[in-house]
Amino acid sequence: FDVMATKPCTKFSSIYFQVVIWRAVASIAWSVLLLPVTTAVFVLLSRFSLFHPIQWISVLIMLILIWKFTSRVILYALYDCLFISLFVFPLVVPSIPCSRMALLGTVLHPRQCVHSLVYCTMGMLVMWCASVTIGGRYSTLGTPCRQSESGEVVTCLNEYHLFLLLAGAFMGYSHSFLGVVQNMYYVSFQPIQQYKYPRFKGCLPMVLKCSVIQSLYSARNFAALYFFFGYVPKTWISSTLNLQIDSSLQPLDSLTGLLDFSLLYHLSISGAFLYLTWYLTVLLFRIYVTEAYSFPVQSTFTEDAEQCLPKVLAEKNTLVMKFLALQDLALLSQHSLSRRLEVFNLSQPGGHPHNWNAISGECLSLLSELTQRLVAHQDAVASNGRVKSQSASSDTRSASSSSSVLTAPFTPDVDSPFSSPAIRRLVGQQDPHSPWSGTVQSPHIMRRGPKLWSASTVSSSVAGEKGSSRFSVIPLHGLETPVNSCSCHTLNCSAQVKSFLAKRVLIMYLFNKLPEASSQALFADSQAHIWALQGLSHLVAASFSEDQFGVVQTTLPNILSCLVVLLEAVDRHFKLPHASSKPVRTLCSMGDSTYKTLRFALRAALKTAIYKITTTFGEHLNAVNISTEHRKRLQQFLEFKE
């Protein structure tokens, strides 16, 4: 979850509480108000009787009117509040593991284990309420079965009740697991804003469909799991609670016991009700949190300055507020003339364009950070995953860390110890123990030898122990440098272990890079860059007729250069393998997969932004002081050849 790294200031805490926390509370309130309706539908379906419709309706009315129904609704409401409290801090940047091993590490993380345990408990709680509501053979865990020799009634284990409880725990864990795999807690912002009720009404059929489908999948998987391992919890619970097992009944961990239509029907209905409760809460939370919020551009009082748009744009602790501010910037640049004039205004006293400088500076910083990220990724791919030297990469790293704190995506590593020898041969990288490594077979062939030590190690070795007998001289491309024999032996053993592991199929399956994951991770936060592009381009285009003081003209060369450089980086990225492939669409999932197509949306938004500026200024752009290469690229847009 997107938890705040550091405690923000008091003024910013107040606006965060006003915007995000209150929206979360409103979504909880609506979830609770919908519980009586969903619970009544569940009671209606669970007590369904085709041959006795009048009795079915009368029992339904009686169940709704009695106090047990109200108490269960209150219990569901408390559980709903607990559920929504697990993700009060929305995740606006998805977590994208670039290998199966990284995904496995995320699933087995202690925080995720606690999260899964809470969901299992909540699933069992809801299934207990559902089993009591259904009644009959599902009502209690213990049931009287026979009399003992002394005349006392023996209490036996009710396996039907236990079956539903364990199914609730299984469905809870499945929901928690799919929440990680499918990024269910990722909150995406809609490109076209809708009112809350039409959006909820439009998404409701999809939620119902996903609840039923997921319930059927979970019922099938749990039935198969219980068939093989159901005797373990049944035996443990019966011995722990001192409950006998009724041998006269067919056990449910058998094929005959599981082929019970009534049992499977009630399991599917209860699971659909469980998933529907969760999915409705997630849907309402997404709708409320992503609703557009209008920030003031400038404030009259100094104490309210932290709540203004330029200050919130620079926020790095809570990304949801930064995203809401960028969304507001994109909207005001297109639809609000009065607020655009506030952006172009000069400060009094002094006459400085503080609003424009802060807004444009933050947008350019975001776009420059994305450009540096793409260039670093392309350099890593071009150099077969080798890491740059410290002196060459320190400037880029410091600039990237200071400009933004959004994401740090994984990059493909062809030199990984678990990369296959076939892949290394394709990219021209040889095995260090190969007879071809480090040997020049022809004047036209150049081979790169293994790097045995760093520069600091060599210098310390030469200065400290040049004449020691513990060092041997190894020729490397005509150079004689002392090398520690122990270090060489360690490197050889390490290389042999890596080569051995690289030939194992399971290791390769776990550690190989997923095809599109690296590209998706690079653009995981690109919704912020899309809004920055829209806001900048529309403000620059509007300044042609609305900027009375010419504040935009001072930064127009930087804006144009930044956009052209980013476009070149994006174009080079789409020439890489798997970068331009479309993701596979799933049948039905509550997980938001819009992040998989953000790179395509960013490329379209970038070209649209440049076209917006070039069509507005036209030939006036020839007077802007930019480089010749950038001018040639902009000329392509002026001639509509892009």
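Reading guide: rules and limits
Residues numbered from 1 in each chain as written. Predicted model: local features only at pLDDT ≥ 70, side-chain atom pairs only at ≥ 80, totals over all residues. Heavy atoms only, no water. Helix = DSSP H or I, 4+ residues; strand = E, 2+ residues; numbered from the N terminus. Buried < 20%, exposed > 50% of the residue type's maximum accessible area, 1.4 Å probe, protein only. Contact = heavy atoms within 4.5 Å. Axes fitted to C-alpha atoms, helices over the stretch in contact; angles between N-to-C directions. Phe/Tyr/Trp six-rings, centres within 6.5 Å; stacked < 30°, edge-to-face > 60°. Lys NZ or Arg CZ within 6 Å of the ring centre and 35° of its normal. Core = buried A, V, L, I, M, F, W, Y, C linked by side-chain atoms within 4.5 Å. Patch = residues over 30% accessible without salt bridge, like charges linked within 9 Å, V, L, I, M, F, W, Y side chains within 5 Å. Areas by Shrake-Rupley, 256 points an atom, 1.4 Å probe, with all protein chains shown as cover. Salt bridge = Lys/Arg side-chain N within 4 Å of Asp/Glu carboxyl O. Polar contact = N/O pair within 3.5 Å; in protein donor to acceptor, adjacent residues only side chain to side chain. Expected span 1.5 Å × (residues − 1). UniProt positions renumbered as here; feature names shortened; annotations may be inferred.

Let's shift gears to the overall build of the chain. For the chain, the helix and strand inventory stands at 24 helices and 4 strands. In the chain, buried positions account for 45% of the 642 residues. Long-range pairs, those at least 24 residues apart, make up 78% of the contacts in the chain between residues at least 6 apart in sequence.

Moving on to the packing of helix 7 (residues 196-229) against helix 8 (residues 231-240). For the pair helix 7 and helix 8, interaxial distance at closest approach is 6 Å and the crossing angle is 65°. Of helix 8, the residues touching helix 7 (which contributes Y226, F228 and F229) are Y231, V232, P233 and K234.

Attention shifts here to the packing of aromatic side chains. Taken as a whole and assessed by the stated rule, the structure comprises 22 aromatic pairs. Each ring, one from F189 and one from F323, has its centre 6.1 Å from the other, and the planes form 25°; the classification is stacked. You can see F189 sitting in the loop between helix 6 (159-181) and helix 7 and its partner F323 sitting in helix 12 (residues 319-335), a full 134 residues away along the chain. On the basis of relative accessibility, which here comes to 6%, the residue F189 falls in the buried class. Under the relative-accessibility criterion, F323 is labelled buried at 1%. An aromatic cluster is defined as three or more aromatic residues linked by ring pairs; in this entry it consists of Y119, Y275, W278 and Y279. Taking the ring centre of Y160 as reference, the NZ or CZ of R137 above it sits at 4.2 Å. The positively charged end of R603 is found above the aromatic ring belonging to F574, 4.0 Å away from the centroid.

Right, let's get into unusual backbone geometry. One non-glycine residue, N242, lies in the positive phi region at around 60°. Assignment of secondary structure puts N242 in the loop between helix 8 and helix 9 (255-258). At F640, a position not held by glycine, the phi torsion is positive, near 55°. Within the secondary structure layout, F640 lies in the segment after helix 24 (628-638).

Moving on to the nonpolar core. Core analysis: the biggest nonpolar cluster contains 83 residues, and M321 and W356 have the highest contact counts within it. Contact partners of W356, with chain neighbours within four places excluded, come to V343, F344, G361, L536, L539, V540, V551, V552, T555 and I559. In this structure, M127, Y138, L267 and W278 belong to the second largest nonpolar core, which totals 40 residues.

On the surface, a nonpolar cluster with roughly 850 Å² of combined accessible area is contributed by L225, F227, F228, F229, Y231, V232, L255 and L259. Contributions of two or more residues to the nonpolar patch are made by helix 7 and helix 8. Top element by residues in the nonpolar patch is helix 7. It accounts for 4 residues. Following the sequence through the fold, L255 ends up in helix 9.

Looking now at the environment of Y226. Of note, Y226 is situated in helix 7. Residue class for Y226 comes out buried when judged on its relative accessible area of 3%. Separated by 32 residues in sequence, Y226 and L258 place their C-alpha atoms 9.1 Å apart. If sequence neighbours within four positions are ignored, Y226 has contacts with E159, F163, L166, K234, L252 and D253. Within the local environment of Y226, its side chain forms a polar contact with the side chain of E159, the two groups lying 2.7 Å apart.

Moving on to the pattern of salt bridges. Note on pairing: side chains with opposite charge can pair once their charged atoms come close. With the rule as written, the count across this model stands at 13 salt bridges. In this structure, E291 and K196 form a salt bridge, with 3.2 Å as the shortest nitrogen-oxygen distance. Pair noted here: E291 is in the loop between helix 10 (261-289) and helix 11 (309-313) and K196 is in helix 7, with a separation of 95 residues, a long-range link. Classification of E291 by relative accessible area gives partly exposed; the value is 28%. Where E369 meets R373, a salt bridge forms, and the shortest distance between an N and an O atom there is 2.6 Å. Of this pair, E369 and R373 are both found in helix 14 (residues 354-382), 4 residues apart, which corresponds to roughly one turn of the helix. Each member of the pair, E369 as well as R373, is classed as buried.

Taking 1.5 Å per residue as the helical rise, helix 6 with its 23 residues ought to reach 33 Å, and the 32 Å between its terminal C-alpha atoms agrees with that figure. Along helix 6, 18 of the 23 residues are buried, which leaves the element largely enclosed by surrounding structure. A positive phi of about 55° marks N183, the residue just after helix 6.

A separate point is the UniProt feature "transmembrane region" (unreviewed entry) in the chain. Under the UniProt annotation, the feature "transmembrane region" (unreviewed entry) is placed at residues 20-45, 50-67, 73-96, 117-140, 160-185 and 263-285. With 100% helix and 0% strand, residues 20-45 has end C-alpha atoms that lie 37 Å from one another. The annotated region residues 117-140 carries 75% helix and 0% strand content, and the separation between its end C-alpha atoms amounts to 23 Å.

Mapped onto the secondary structure, S543 falls in helix 21 (residues 526-546). Once residues within four sequence positions are removed from consideration, S543 is found in contact with F344, V552, Q553 and F617.

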